[in-house]
Structure formats: structure tokens, C-alpha cells
Amino acid sequence: MNKTLYFIFLFISLVLLQGLILNNVLLFGHLNPYLYISFIFVFPLSQKRIPVLTLGFLLGLCVDFFANSGGIHACATLFITFIRLFFIKAIFKKTPSEYLLFDLKLETFDKVFNYVAILTIIHHFILFYLINFSFNNFYNILIDTLLTSIFTLVLFFIGSFIFRKKLS
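Source: prediction; values computed, not measured.

Visitor: Summarise the packing of helix α4 (residues 72-92) against helix α5 (residues 109-132); cite the residues concerned and give the values.
Guide: To describe two helices that pack against each other, one gives the angle between their axes and the distance between the axes. Between α4 and α5, the shortest axis-to-axis distance is 9 Å and the interhelical angle comes to 155 degrees. What the angle tells us is that α4 and α5 run roughly antiparallel. The handedness of the crossing between α4 and α5 comes out as right-handed.

Visitor: How would you summarise the packing of aromatic side chains if you had to cite specific residues and measurements?
Guide: Under the criterion given, the structure shown has 18 aromatic pairs. When the centroid spacing of 6.2 Å and the interplanar angle of 75 degrees are considered together, the rings of phenylalanine 125 and phenylalanine 138 count as edge-to-face. In this pair, phenylalanine 125 is assigned in helix α5 and phenylalanine 138 in helix α6 (residues 138-162), connecting sequence segments 13 residues apart. Of the residues examined, phenylalanine 125 reaches a relative accessible area of 26% and is grouped as partly exposed. For phenylalanine 138, a relative accessible area of 35% puts it in the partly exposed group.

Visitor: Go over the packing of helix α1 (residues 2-21) against helix α3 (residues 49-67) with me, naming the residues and quoting the values.
Guide: Running from N to C, α1 and α3 cross one another at 30 degrees; their axes reach a closest spacing of 9 Å. Judged on the interaxial angle alone, α3 and α1 are roughly parallel. Crossing angle aside, the handedness with which α1 passes α3 is right-handed. Where α1 approaches α3, its residues Phe11, Val15, Leu16, Gln18, Gly19 and Leu20 are matched on the opposing element by Leu55, Leu58, Leu59, Cys62, Val63 and Phe66. Considering only residue class, the contact of α1 with α3 consists of 10 nonpolar, two polar and no charged.

Visitor: How would you sum up the side chain of asparagine 32? Please name residues and give values.
Guide: As for its placement among the helices and strands, asparagine 32 is situated in the loop between α1 and α2 (38-42). In terms of polar contacts, asparagine 32 uses its side chain to reach the backbone carbonyl oxygen of leucine 22, at 3.3 Å. At a separation of 3.0 Å, a polar atom in the side chain of asparagine 32 contacts the side chain of tyrosine 34. Beyond its immediate stretch of four places on either side in the chain, asparagine 32 contacts Gln18, Leu22, Asn23, Val25, Leu26, Thr148 and Phe151.

Thresholds, definitions, all that
- Residues numbered from 1 in each chain as written.
- Predicted model: local features only at pLDDT ≥ 70, side-chain atom pairs only at ≥ 80, totals over all residues.
- Heavy atoms only, no water.
- Axes fitted to C-alpha atoms, helices over the stretch in contact; angles between N-to-C directions.
- Helix = DSSP H or I, 4+ residues; strand = E, 2+ residues; numbered from the N terminus.
- Parallel < 35°, antiparallel > 145°, perpendicular 65-115°, else oblique.
- Left-handed = near helix turned anticlockwise from the far one by under 90°.
- Phe/Tyr/Trp six-rings, centres within 6.5 Å; stacked < 30°, edge-to-face > 60°.
- Buried < 20%, exposed > 50% of the residue type's maximum accessible area, 1.4 Å probe, protein only.
- Contact = heavy atoms within 4.5 Å.
- Nonpolar A, V, L, I, M, F, W, Y, C, P; charged D, E, K, R; others polar.
- Polar contact = N/O pair within 3.5 Å; in protein donor to acceptor, adjacent residues only side chain to side chain.

What follows is the structure, encoded as C-alpha cells:
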């Protein structure tokens, strides 16, 4: 029950942080971090697929509500929620029984960085493609994806360093 309350609190906190604060942070006039996707990164793997996909969709939908963006965050977040298991299996290479105890905090930094960076870049690319809804501005989509991903990753790793619990 303690973990359930933790994830409910994390979900609500990240939605409010994104909706009330981070959506108003604009670096260079148009880049803002999308830290809410970190919920998808840390959510346990022991859950069944449908509830996880539902939470991913609801997370994006809540951010869409604050941003008045018509479902683009829900689409991008649902997509990374759907493919995250593939990348966890490809990057962390654990046996099926080890996935039940999988915890991002216990993994090496290079694997965590690869996992988080790949999903962040995919999320942001889908998001900016849906914002532009055209490949005519492909260069701008790539630049926005790259710069916003860097901004998001820096905040994610600073936040994970600050809020990391001592293992000893």
C-alpha cells in the first residue's frame, strides 16, 4: 500500500509541477522541459500492461488539460509507455524473474541514461511532430526535440540526484 500511495503522490505531483510551473518555463522563448514523463520511467514493471498504458494515457491527458493542447501529450506519452518494456529488455538485459524486482535506482548510470534518453527523445520527437503536424519543418522539429530533450534530461537527473534515498 505504501508504494501505491507513493505512485499516486508522484503522479499528482508531476502533473501539477508540469501544469502549473514547467509549462510556464520557456528557455529561449519556446523550449520547456517535459518532466512529467519521468513517471513512466520509474513506474514498476510488475504491473499488468493495460493499467500501465491507462496511466500513461491519463498522465498525458492531464498535461493536455493544463496545456490546452488537444491530446498530443496523451499520444506521445501513451507511445513511450507502450514501447518502454522493449527498451528495458534491450538495455538492461535481465531474466524474466529479475524484472519483477526491477528498480531504476539500483541500475548503473550508463544504462539508466540510455533508457531515459531514448524514451525522452522519442517522446519529444512525437510531441513536436504533432505540434507541427508536418515534415516541412523537419529541421525545426529535430532542433526542438534535441534541445528540449537535453533540458528535460538535465532536470530529470538533477531531480533524481536530489531525491535519491540513501541505500545504506
